[in-house]
Amino acid sequence: MGAHDIEQQLAPRASARSFFEQIERELAEDDDSTAEAVEAHVSGRVDELARRLLEEHFARRAQEAGAGVEVVDSEGRPLTHVRERRRVLTTQFGEVELSRPSHSSREHAGVRPTDDVLELPERRYSYPLQEKAVIACLRDSYEEAAEELKRYLGVDIPKRQLEELVLDAGADVAAFYE
């Protein structure tokens, strides 16, 4: 069983702090496990803790970005319709759900200020994960890179998505050298 296969014992919405306290209790009560088993257990728990920390941080930032802000279109007209939109961002720690306000009008599509504040990528993969994926693809075939990402990070990125990430990264090379 891998670190990412460990089942969560808390509700998915439990806070990062509650989850950390759960990890502390689990370790305090464990008097029988081998060092290897404890390390594997903690590794899986730490990834989940990091995922929850990210999710809570993004939720706070989304709330702050939307608080009392009037959003206007390119011609200065207010975008008065506000709806919560959800987006999943796949990170090296797992999937993080973001809920953020989308401002629109009948004439203008949704604008999401939180996306700009956080500089979220267009793709569903976080920039650090994209970097790891591209580096893995430079070393190995796409299939091997996908297996490596799944084995070490617990993240499943299909071959076609990996190919597109590499193409995107390659598009910046000329500008970098200039």
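Above this text is the structure in question.
Residues numbered from 1 in each chain as written. Predicted model: local features only at pLDDT ≥ 70, side-chain atom pairs only at ≥ 80, totals over all residues. Heavy atoms only, no water.

Attention now goes to the overall build of the protein. Helices and strands together make up the secondary structure of the protein, namely seven helices and two strands. For the protein, the sequential pattern of α-helices and β-strands runs α-α-β-β-α-α-α-α-α. Over its C-alpha atoms the protein spans a radius of gyration of 20 Å, topping by over 25% the 16 Å that the globule rule assigns to 178 residues. In terms of its C-alpha atoms, the protein occupies a principal-axis envelope of roughly 65 × 40 × 25 Å. Put simply, of all contacts in the protein between residues at least 6 apart along the chain, 58% involve residues at least 24 apart. (Helix = DSSP H or I, 4+ residues; strand = E, 2+ residues; numbered from the N terminus. Rg over C-alpha atoms; globule rule 2.2 N^0.38 Å. Contact = heavy atoms within 4.5 Å.)

With the rule as written, the count across this model stands at 14 salt bridges. With a shortest N-O distance of 2.6 Å, E26 and R45 are connected by a salt bridge. Note that E26 is positioned in helix 1 (residues 16-29) and R45 in helix 2 (residues 35-66), a separation of 19 residues in sequence. Note on accessibility: E26 and R45 belong to one class, buried. A salt bridge links E143 to K159; its shortest N-O distance comes to 3.1 Å. Of this pair, E143 sits in helix 5 (residues 142-153) while K159 sits in helix 6 (residues 159-171), and the two are 16 residues apart along the sequence. Taking the relative accessible area as the measure of exposure, E143 reaches 41% and is therefore partly exposed. Each of E48, R51, R52 and E55 takes part in a single network of salt bridges with overlapping partners. (Salt bridge = Lys/Arg side-chain N within 4 Å of Asp/Glu carboxyl O. Buried < 20%, exposed > 50% of the residue type's maximum accessible area, 1.4 Å probe, protein only.)

Another point: the packing of helix 4 (residues 127-139) against helix 6. Remark: helix 4 packs on helix 6, axes separated minimally by 9 Å, with the N-to-C direction vectors making an angle of 95°. Taken together, the axes of helix 4 and helix 6 are roughly perpendicular relative to one another. Contact residues: Q130, A133, V134 and C137 in helix 4; L162, L165, V166 and A169 in helix 6. Of the residues that constitute the contact of helix 4 with helix 6, the class distribution is seven nonpolar, one polar and no charged. (Axes fitted to C-alpha atoms, helices over the stretch in contact; angles between N-to-C directions. Parallel < 35°, antiparallel > 145°, perpendicular 65-115°, else oblique. Nonpolar A, V, L, I, M, F, W, Y, C, P; charged D, E, K, R; others polar.)

So, on to the pairing of strand 2 (residues 94-104). Counting buried residues along strand 2, eight of its 11 residues qualify, which places the element largely inside the surrounding structure. Alignment of strand 1 (residues 81-91) against strand 2, held across 11 bridges, turns out to be antiparallel. Considered in strand 2, the bridge of E84 is made with P101. Between strand 1 and strand 2, which pair antiparallel and follow one another directly, the connecting turn spans two residues. (Pairing = 2+ DSSP bridges.)

Here S105 shows up in the loop between strand 2 and helix 3 (113-118). Residue classification places S105 among the buried positions, given a relative accessible area of 16%. If we skip the residues at most four places from it in the chain, S105 touches L79 and H81.

The next point concerns the nonpolar core. Nonpolar side chains tend toward joint burial in soluble globular proteins. Of all hydrophobic cores here, the largest spans 15 residues; its most connected members are L129, A133, L149, I157, L162 and L165. Every element with two or more residues in this core is listed here: helix 4, helix 5 and helix 6. No other element matches the five residues that helix 4 contributes to this core. L129 has contacts with T90, T91, Q92, L153, V155 and I157, leaving out every residue within four places of it along the chain. If you look at the next biggest cluster of nonpolar residues, it comprises six residues, including F58, L89, L98 and L118. (Core = buried A, V, L, I, M, F, W, Y, C linked by side-chain atoms within 4.5 Å.)

With that settled, the discussion passes to unusual backbone geometry. Unlike most non-glycine residues, E119 shows phi in positive territory, near 50°. Structurally, E119 can be placed in the loop between helix 3 and helix 4. For E119, a relative accessible area of 59% translates into the label exposed.

Honestly, that's just the spatial picture; any functional story needs more than this.
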